[in-house]
Amino acid sequence: MSGWVKLMQLLCWLTPPAVARYLSVRLFHAVITMVVAVSLIFIAMRMLPGNPLLARFGQHPDAEQMQRIIHEQGWDRPILSQLGQFLHQLVTTGDFGESISRSNENVSDELTRRIPATIELTVVAMLLAVPIGVAFGVAAAVWRNRWPDRLCMAGAMLGVSVPVFFLGICLRAIFTGMPIGFRLPAFEIDFEPITEFYLLDTLLQQRFDLFATAFKHICLPALALSSIPMSIIARITRSSMLEVLGEDFIRTGRAKGASSWGVVLRHALPNAAAPIVNIAGFQIGLLLSGAVLTETVFDWPGMGKYVVDAVRENDYVIVQAGALVIAAIFVTANLVVDLLYLWLDPRVRLS
Amino acid sequence: MPTRRFAVILVCLMFVACSSRAPSKPTKTNNTLIYGRGEDSKTLDPINGETGETVKALVNLYDTLVAFTDDSTEIEASLATSWSTSEDGLTWTFQLREGVRFHDGTLVDAAAIVFSLNRLCQDDNPHVSDPARPYKPNFAVIEEIRAVDPLTVEFQLSEPSAVFLNNLAMFPAGIVSPTAVKKHGKGFSTNPVGTGPFRFERWIRDQQLVLAANEDHWRGRPNFDRVVFVPVSESATRIQQLTRGEIHIADNLPPAEVDDLARKPGLTVVEEISMNVAYLALQMDKPPLEDVRVRQAIAMALDKQALIRVGYAGHAEPAINLLPKAMWGHNDGIGDRPFDPDASRELLQAAAADRGFELPLTLSLAVMSEPRPYMEQPLQVAAFVKDSLAAVGINVTIEPKPVTPHFAKMMRGDYQIGLAGWTTDNGDPDNFLYSLLDSDNISESGNNMSHYRNDKVHELLLAAQRELDQDKRLTFYHHAQELIFADAPIVPLVSTKQRAVHTTRIKDYRLHPAMLIRLRKARFEDVP
Amino acid sequence: MNAPDTIESPKQRAWVRLRRSSSARTGSTVILCFLLIAVFCQILAPYAPNSRDATVDAPSGPTAKHWLGVDANEKDVLSRVMYGSRLSLFAGLISITFAVSLGAPAGAIAGYFGGWPETIIMRSIDIALAFPSILIALLVATAYKPGWSAVIIAVGLINVPVFARQVRVTVLTIRGLDYVTASRALGASPLHILVRVIVPGIVNPVVVLATMGLGAAILEVAGLSFLGVGGDPTEPEWGSMLAQAKDHLSSSIWPAVGPGVAISLAILGFNLLGDGLRDALDPRLGES
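Residues numbered from 1 in each chain as written. Chains lettered and ligands numbered in written order. Predicted model: local features only at pLDDT ≥ 70, side-chain atom pairs only at ≥ 80, totals over all residues. Heavy atoms only, no water.

This next bit is on the overall build of chain A. From N to C terminus, chain A includes 14 helices and 0 strands. Mapped from its N terminus to its C terminus, chain A presents α and β elements in the order α-α-α-α-α-α-α-α-α-α-α-α-α-α. Taking the principal axes of the C-alpha coordinates as reference, chain A spans close to 85 × 55 × 40 Å. When burial is assessed residue by residue, chain A has 58% of its 351 residues classed as buried. Considering only contacts within chain A whose residues lie at least 6 apart along the sequence, 74% involve residues at least 24 apart. Roughly 15300 Å² of accessible area belongs to chain A as shown, and the carbon and sulfur atoms make up 66% of that amount. (Helix = DSSP H or I, 4+ residues; strand = E, 2+ residues; numbered from the N terminus. Buried < 20%, exposed > 50% of the residue type's maximum accessible area, 1.4 Å probe, protein only. Contact = heavy atoms within 4.5 Å. Areas by Shrake-Rupley, 256 points an atom, 1.4 Å probe, with all protein chains shown as cover.)

Printed below as a string of structure tokens:
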């Protein structure tokens, strides 16, 4: 806890007062939003018919035992008092509690292993999407209304239209040589992850062979996941670049004889960056939701699949924990983007 | 410029990565079996196990007092070498095998047996970390377990039980190390210690479960050095991994895909009958299903041979009774109702005229959306039932739900007709007939989902539970099956053949009719 | 050359722009094709959606008899894809109608009245947007009894914020326009302003958004049924067809290609038309 306080103090010291005020207001809003949202999910899930405990008994349910467990765990108490206990426990210990449908499974432990898998997938997808998307967008803007433009924009249009689950199936069918289904092959049993980001862990342990393998495993899912943000970024880049290329200083620069590409990349692109950063950040949030389907198609052991499976079994402990974490990541991503936006384009007023 | 250069490099990298086919895998140790399955174990504590996938690991980690033989549900000695029953059938005495040690090195004695089985039976046992013990009711007949001397255990039962011995051979009665349970407490389910042919090495949930050979197993060391169970939920992914050599065995695959794989070089398909049945439950409390003619009409509208072709790619046998043909107690004397849509339609019309309901009748069909061992393609089966019943004047709407909510709904009786099935637990007819069709088991969480009530059947099933003379029991069960057949509370559909695909490198891998996966004897042919 | 342009009304000008836009033309052609297929599939489809062909080795690829192959249930993929357009288009349309009829009034109220209604509406939208929409839809759809209606409601609900936000922004802009302020100062009733000024002003952006939203809704419906939340799986529906084909990928990819391409084309059609409509109706409407 004190670590957090120190970090906050440091941040406050580093940031100008206006930004700090803006940050604290945003953070406050975000926290309120998340608390309300999680409470809603908490209440809604408990009102659903169906008994998640049944998953632990399968086809051998025993009414007497289930009754006992429900009573011992306090699941028969009023929903609001359960909600209070959940929030209290969450704030004081940071613990999400134990899964209902799975035996002796601590949800926080599970999430700490699965969140990195999802984030790693998202990051790699964005590392693909941003440069390629920007490159295509710039090309389209520079050769406006000529074939590179038409090709890039047609590709982008297709990219936003093909559902990720169909794209995934196609990729699997085309690249049959690529491994799928694990983050690392099952026989690599001597590998002990540290951060659970396998690409990072393999590098830290200097296991370059494993890094290559892990990269191969993440390729197809990341490629599938990147298609939509890549297309959207290409389109935004194009329109933003067109706007900037039409402005006086660029035209002047070109007229003065600066090399055309130099002007485009050194002057136009940075000036067109703000909306691109904005949309890229927003896409990171969306990817976490898109990842649900990608993880299903590719059997990627991430958070999305974990939560979807839990919805199937009506396990509200997992669902509310997963929802909270996803929401937190989404809100944080948006906040970071807003700050970046601020930094890139100081004309934007803090409001 | 930097952005562009970076993009180009990235694209190149991607293509390099994609185009270079994976080289033949440099296996870490040549003797590690990688087993691909549909889902992960839910626990490694035998008392909490329930799902088929959980059992797969448990039967390799633990031994029981007595065991099923490798190819049937006959009982053979295991941790107990001999046993006897008192005259009244209330006291059972077991002599233990000497010198067996747990994976943690401690000795298996009578106290350990008492400790293990008390965890399973007692209400408030302090050593239970997860109180959800699905099989606890099967052991309710045990009143007391005593350690007579270090190698003798005595069970006191409340009433004679014909299924007691078979129940002791089931996985929940696996013997655990008391030392380890006391040491790990709640963590025992992720740090299991038993006496089985394999010992636990590590478990990362939903990624891999690693078992290692128990060098000192009393039956001898298993052939594999290690077994890695990997859960891969998409069957298409399992198939791809199998053909790429990333896993050595895959099971629970769609039947047609198995046929496809059987033609590929380097892969072998093993097949075995299984003691399971898939059936169509008819909710008898819901009109007009209370009319026996309607139920019989439904039974006669289903062409089981066609169903086997469409839903099982030919790898199943038609079922006549709830009890699978492969099991002791099956009444072979009962001939199935013929597939006869005309007769079915007539029965329906007669019932409709008497009861005053309109034809075509509309019924909702509950179906699970995920594969089960007795029904690898439930949606296909549902589609078949729908088409067949449409032909005789019943419009069916299909309501798919995931497995848990599906069965919860059916147990509540909140359905009209629904697909279900059962795989034997202990190899005894009681486990089918009493569990699934006795009036004792009608409740919010009872498996008599048809709400079938027949006093005569109830009497017969209870008598068969207490009778220790197998011949008498056989007549009871035969009689009960006749009554059930006439009442048609369910329509038995098929018993499947279980199949698994493995690389041809593996030898001596056999499936068990009760669907136990025993990896003790299997081996790689190139490993001496 | 300028003369005809000047006498045209804004509507006519928009129409000319729309007709000139190649993306609008392509998009509307694609959608029209799907509509025709949906309406006339009984005539156009070579087989009934649930008729089985026991003579083929299912699943398999295209043959002269079955142009898009046969799925694992021995059913003709092309026919099912054609029949599937009914449910997909219908579900998309209903859920977007649902989203508009809930989102547009909410947005209008928030934008026009401000104050606490705005706070409540915008806060709830923030909450809804904090979660992945597919997760919300999944929860909603599992909560109801299974069926397509649950899926439609779920997809409708997750699209409400899209419309509410856009309408609020548009209303805010319109409200600030000089002539609106002026007419208010002259004593025009709020109802009058709402009906005569605000409503016409929000029609264009809502039409553009709804067209693009239709594509998104079709995608979301298919995504949900791909995840196994849906109605009767024997009914031809693109998402559930894909889900069933996915289990048989190693035998044949063809049962997946038909529905997959159909979903992509339908979404592409609505996106193209939406792009064209946006350029024609409301050139200022941003990309995001």
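With that settled, the discussion passes to the nonpolar core. Judged by nonpolar contacts, the single largest core of 170 residues is most densely connected at F96, L111 and F165 of chain A together with W238 of chain C. Beyond its immediate chain neighbours, meaning those up to four positions away, F165 of chain A contacts L293 and V297 of chain A together with L219, A222, G223, F226, L242 and I263 of chain C. If you look at the next biggest cluster of nonpolar residues, it comprises 75 residues, including L280, I308, Y452 and L493 of chain B. (Core = buried A, V, L, I, M, F, W, Y, C linked by side-chain atoms within 4.5 Å.)

Residue and element names in this part refer to chain C. Running from amino to carboxyl end, helix 4 (residues 77-113) crosses helix 7 (residues 148-176) at an angle of 35 degrees, the nearest separation of the two axes being 5 Å. The handedness of the crossing between helix 4 and helix 7 is right-handed. Residue classes in the contact of helix 4 with helix 7 are distributed as 23 nonpolar, 6 polar and 2 charged. (Axes fitted to C-alpha atoms, helices over the stretch in contact; angles between N-to-C directions. Left-handed = near helix turned anticlockwise from the far one by under 90°. Nonpolar A, V, L, I, M, F, W, Y, C, P; charged D, E, K, R; others polar.)

Attention now goes to a nonpolar patch on the surface. A surface patch of nonpolar side chains, amounting to about 680 Å² of accessible area, comprises L32, L35, L36, V39, F40, I43 and L44 of chain C. By the secondary structure assignment, L35 of chain C is in helix 3 (residues 22-44). (Patch = residues over 30% accessible without salt bridge, like charges linked within 9 Å, V, L, I, M, F, W, Y side chains within 5 Å. Salt bridge = Lys/Arg side-chain N within 4 Å of Asp/Glu carboxyl O.)

Tallying each qualifying case throughout the model produces 62 salt bridges over all chains. Across the pair E525 of chain B and K507 of chain B runs a salt bridge whose closest N-O atoms are separated by 3.7 Å. Of this pair, E525 of chain B sits in the segment after strand 20 (523-524) while K507 of chain B is found in strand 19 (residues 506-507), placing the two residues 18 residues apart along the sequence. Of the residues examined, E525 of chain B reaches a relative accessible area of 44% and is grouped as partly exposed. Each of the salt bridges in this network shares a partner with another, and the network as a whole consists of R102, E105, E110, R113 and R114 of chain A together with R205 and D206 of chain B.

Before going further, it helps to examine the interface of chain B and chain A. Put simply, an interface is often sized by how much accessible area is lost when its parts join up. Contacts between the two partners involve 68 residues from chain B, matched on the other side by 63 residues from chain A. Summed over both sides, the interface between chain B and chain A buries roughly 5900 Å², with carbon and sulfur atoms accounting for 54% of that surface. Here chain B is connected to chain A by 9 salt bridges. R68 of chain A is the partner of D124 of chain B in a salt bridge, and the nearest nitrogen-oxygen pair spans 2.4 Å. Taken together, the links from chain B to chain A amount to 33 residue pairs in polar contact (both at pLDDT 80 or more). (Buried area = accessible area lost by both parts, 1.4 Å probe. Polar contact = N/O pair within 3.5 Å; in protein donor to acceptor, adjacent residues only side chain to side chain.)

Take the sheet that holds strand 5 (residues 91-96) of chain B next. Residues and elements named next belong to chain B. Strand order in the open sheet made by the 4 strands is 4-5-7-6, with antiparallel pairing throughout. Each end of this open sheet is capped by a strand with a single partner; those strands are strand 4 (80-85) and strand 6 (142-149). Recorded for the sheet is a direction-independent mean angle of 20 degrees between the axes of neighbouring strands. Of the strand pairs in this sheet, strand 4 and strand 5 are connected by 5 bridges, and their pairing is antiparallel. Directly across from S82, in strand 5, lies its bridge partner Q95. The sheet strands contacting helix 3 (residues 110-121) are strand 5, strand 6 and strand 7 (152-157), and the helix crosses strand 6 at an angle near 170 degrees. (Pairing = 2+ DSSP bridges.)

All names here are of chain A. Here E120 is to be found in helix 6 (residues 107-142). Judged by its relative accessible area of 6%, E120 is buried. For the pair E120 and A222, spaced 102 residues apart in sequence, the C-alpha to C-alpha distance is 9.1 Å. When sequence neighbours within four positions are dropped, the list of residues in contact with E120 reads R183, F197, Y198, L199, L200, I218 and W300. Engagement of the side chain of E120 in a polar contact is seen with the backbone nitrogen of L199, the distance being 2.9 Å.

Time to look at the confidence of the model for chain C. Residue and element names in this part refer to chain C. Taken as a whole, chain C shows an average pLDDT of 85; of its residues, 95% reach a score of 70 or greater. Taking the mean pLDDT of every element in chain C, the minimum, 49, falls on helix 1 (residues 3-7) and the maximum, 93, on helix 4. With pLDDT under 50 throughout, residues 1-5 is counted as low confidence; its partners more than four residues away or in other chains account for 1 contact. The complex prediction reports pTM at 0.88, with the ipTM value standing at 0.88. (pLDDT = per-residue confidence, 0-100.)

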